[in-house]
Amino acid sequence: MAGEREHPQRMADKVALVTGGSRGMGLAHGRLLAEHGARVVLGCRDRRQGDEAAASMRKDGLDVVALALDVTWPDAWEEAIRAIERSHGRLDVLVNNAGIMTLSGIADCTIEEWNEVVAVNQTGTFLGIKHAAPAMSRSGGGSIVNLASAMASTGSDRALAYQVSKAAVLHLTRAAAVSLAPAIRVNSVSPSLTATDMAQALGKDWLRQRTTSYPLGRPAESIEIARVVLFLASDEASFVTGADYRVDGGALAGGKGSAAHRTDVD
Ligand SMILES: NC(=O)c1ccc[n+]([C@@H]2O[C@H](COP(=O)([O-])OP(=O)(O)OC[C@H]3O[C@@H](n4cnc5c(N)ncnc54)[C@H](O)[C@@H]3O)[C@@H](O)[C@H]2O)c1
């Protein structure tokens, strides 16, 4: 297997659940964790897509399966964690990756849109932490990595529900890190625009134009976010908890050619 030959086994013997794991960044986190020796479960809203993603990784010799998991449903979380403990015997890592974005600003954001975005990004992350933590404790500890966003740290006139829900993820990360220490570490990763379906939906030209002002001058690739997720998930991050890692090509440090750099939408 190419991945195993190329990489040392930084995740050997660990069981990892990645939500929203059938495409985009979730797929990259799942593959990289598995390449480093983890037994990976992709939690997927679309089970068929999840099964296809897992089957294609198994063809590369990786230990990956999929299960149905809509992160907004407490019952679905309970069932998923029970199923993982039954099939894999333990849970060591949770990557709360599932997320949705809508673009309305404060004047246009309907209550339905607000509730939908908060349900997935904020409540979904809360439910993940709440339901995974007891299983991790039974396994002797673990690591939770939440996907926030560079948008959580700057105000924008677009994507109101998204930016607010991601800011909540930053604080949820801190609160959970304090509550669950020392057995379970909880951290977040804040990407800027990354070349996935979510960002491509905004238009390829828009994406290119927006990211040229980043100091690194381009959108991230999913693998570049996944590498930081892997670090936080692994024992190499043994003294890191309650932290947010900005993986943003320098976007939040400032923008080239503009005194007032804007990170929206990412
Ligand atoms: N792409 C970017 O520019 C960017 C930037 C910053 C942060 N992020 C965050 O990174 C994470 C991954 O985003 P992506 O770019 O891969 O997006 P994506 O749209 O490609 O993938 C999102 C995944 O979440 C899943 N999902 C949505 N609602 C769900 C639900 N209720 N239950 C379970 N799964 C659900 C989708 O099925 C999909 O697999 C998200 O949390 C996103 O907010 C993305």
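For the structure itself, look to the data block above.
Residues numbered from 1 in each chain as written. Predicted model: local features only at pLDDT ≥ 70, side-chain atom pairs only at ≥ 80, totals over all residues. Heavy atoms only, no water.

Let's shift gears to helix H2 (residues 24-35). In an α-helix, one full turn covers 3.6 residues, which means residues spaced three or four apart are oriented alike. Taking 1.5 Å as the rise per residue, H2 with 12 residues should run 16 Å; its terminal C-alpha atoms sit 17 Å apart, in good agreement. Inspection of H2 places Met25, Gly26, Ala28, His29, Gly30, Leu32, Leu33, Ala34 and Glu35 among the buried residues, and these make up the whole buried set. Following H2 by one or two positions, Gly37 has its phi on the positive side, about 105 degrees. (Helix = DSSP H or I, 4+ residues; strand = E, 2+ residues; numbered from the N terminus. Expected span 1.5 Å × (residues − 1). Buried < 20%, exposed > 50% of the residue type's maximum accessible area, 1.4 Å probe, protein only.)

On to the pattern of salt bridges, then. If you walk through the whole model with that rule in mind, you get 13 salt bridges. Between Glu236 and Arg10 there is a salt bridge; the shortest N-O distance is 2.7 Å. You can see Glu236 sitting in the loop between helix H9 (222-233) and strand E7 (244-247) and its partner Arg10 sitting in the loop between helix H1 (2-6) and strand E1 (15-19), a full 226 residues away along the chain. In this structure, a network of salt bridges that share partners links the residues Arg31, Glu35 and Asp60. (Salt bridge = Lys/Arg side-chain N within 4 Å of Asp/Glu carboxyl O.)

Taken together, 29 residues surround the ligand, and among them Arg23, Asn97, Tyr162, Thr194 and Thr196 come closest. Within the backbone of Met25, an N or O atom sits 2.9 Å from an oxygen atom of the ligand. Separating an oxygen atom of the ligand from a backbone N or O atom of Asn97 is a distance of 2.8 Å. In isolation the ligand exposes 830 Å². Once the protein is present, 98% of that is buried. Elements represented by at least two residues in the shell around the ligand include exactly H2, helix H6 (160-180) and helix H7 (197-200). The class makeup of the residues in the shell around the ligand is 13 nonpolar, 10 polar and six charged. (Near = heavy atom within 4 Å. Polar contact = N/O pair within 3.5 Å; in protein donor to acceptor, adjacent residues only side chain to side chain. Areas by Shrake-Rupley, 256 points an atom, 1.4 Å probe, with all protein chains shown as cover. Nonpolar A, V, L, I, M, F, W, Y, C, P; charged D, E, K, R; others polar.)

A few words on the packing of aromatic side chains. For the structure shown, the criterion picks out one aromatic pair. Plain terms: the ring middles of Phe231 and Tyr245 are 6.1 Å apart, the flat faces sit at 50 degrees to each other, and that makes the pair tilted. Here Phe231, found in helix H9, pairs with Tyr245, found in strand E7; they are 14 residues apart in sequence, far enough to count as distant. Judged by its relative accessible area of 23%, Phe231 is partly exposed. (Phe/Tyr/Trp six-rings, centres within 6.5 Å; stacked < 30°, edge-to-face > 60°.)

Attention now goes to the pairing of strand E6 (residues 184-191). Counting buried positions over the eight residues of E6 gives eight, a clear majority of the element. With burial as the criterion, each face of E6 is covered, one bearing Ile184, Val186, Ser188 and Ser190 and the other bearing Arg185, Asn187, Val189 and Pro191. In this structure, strand E5 (residues 142-147) lies alongside E6, joined through six bridges in parallel fashion. Bridge assignment links Ser143 to a residue of E6, and that residue is Arg185. Traced from E5 through H6 to E6, the parallel crossover comes out right-handed. Alignment of E6 against E7, held across four bridges, turns out to be parallel. Its bridge partner being in E7, Pro191 is matched across the sheet by Val247. (Pairing = 2+ DSSP bridges. Right-handed = clockwise from strand over helix to strand, strands pointing away.)

What follows concerns unusual backbone geometry. In terms of backbone geometry, most residues other than glycine have negative phi values and most peptide bonds are trans. Residue Ala181 is joined to Pro182 through a cis peptide bond whose omega torsion reads 0 degrees. Position of Pro182 among the secondary structure elements: in the loop between H6 and E6. If you check the backbone angles, Asp13 has positive phi at about 70 degrees while not being a glycine. Residue position: Asp13 is located in the loop between H1 and E1. Within the chain, Ala159 stands out as a residue other than glycine whose phi angle is a positive 50 degrees. Mapped onto the secondary structure, Ala159 falls in the loop between E5 and H6.

Taking strand neighbours across the sheet as the criterion, the seven strands line up as E3-E2-E1-E4-E5-E6-E7 in an open arrangement whose pairing is parallel. Two strands in the sheet have a free side with no partner beyond their single neighbour: strand E3 (64-68) and E7. Averaged over all pairs of adjacent strands, the angle between their axes in this sheet comes to 20 degrees, without regard to strand direction. Where H6 meets the sheet, its contacts fall on E5, E6 and E7, and the angle it forms with E6 comes to roughly 160 degrees. Across the sheet, H9 is in contact with strand E4 (93-96), E5, E6 and E7; its angle to E6 comes to roughly 165 degrees. (Axes fitted to C-alpha atoms, helices over the stretch in contact; angles between N-to-C directions. Contact = heavy atoms within 4.5 Å.)

What follows concerns the pairing of E4. In E4, alternate side chains face the same way, and those of Val93 and Val95 on one face and Leu94 and Asn96 on the other are all buried. Sheet analysis places E1 next to E4, joined by three bridges and oriented parallel. By the bridge assignment, Val18 is partnered in E4 with Val95. A crossover connection joins E4 to the parallel E5 through helix H5 (residues 111-138); in handedness this β-α-β unit is right-handed.

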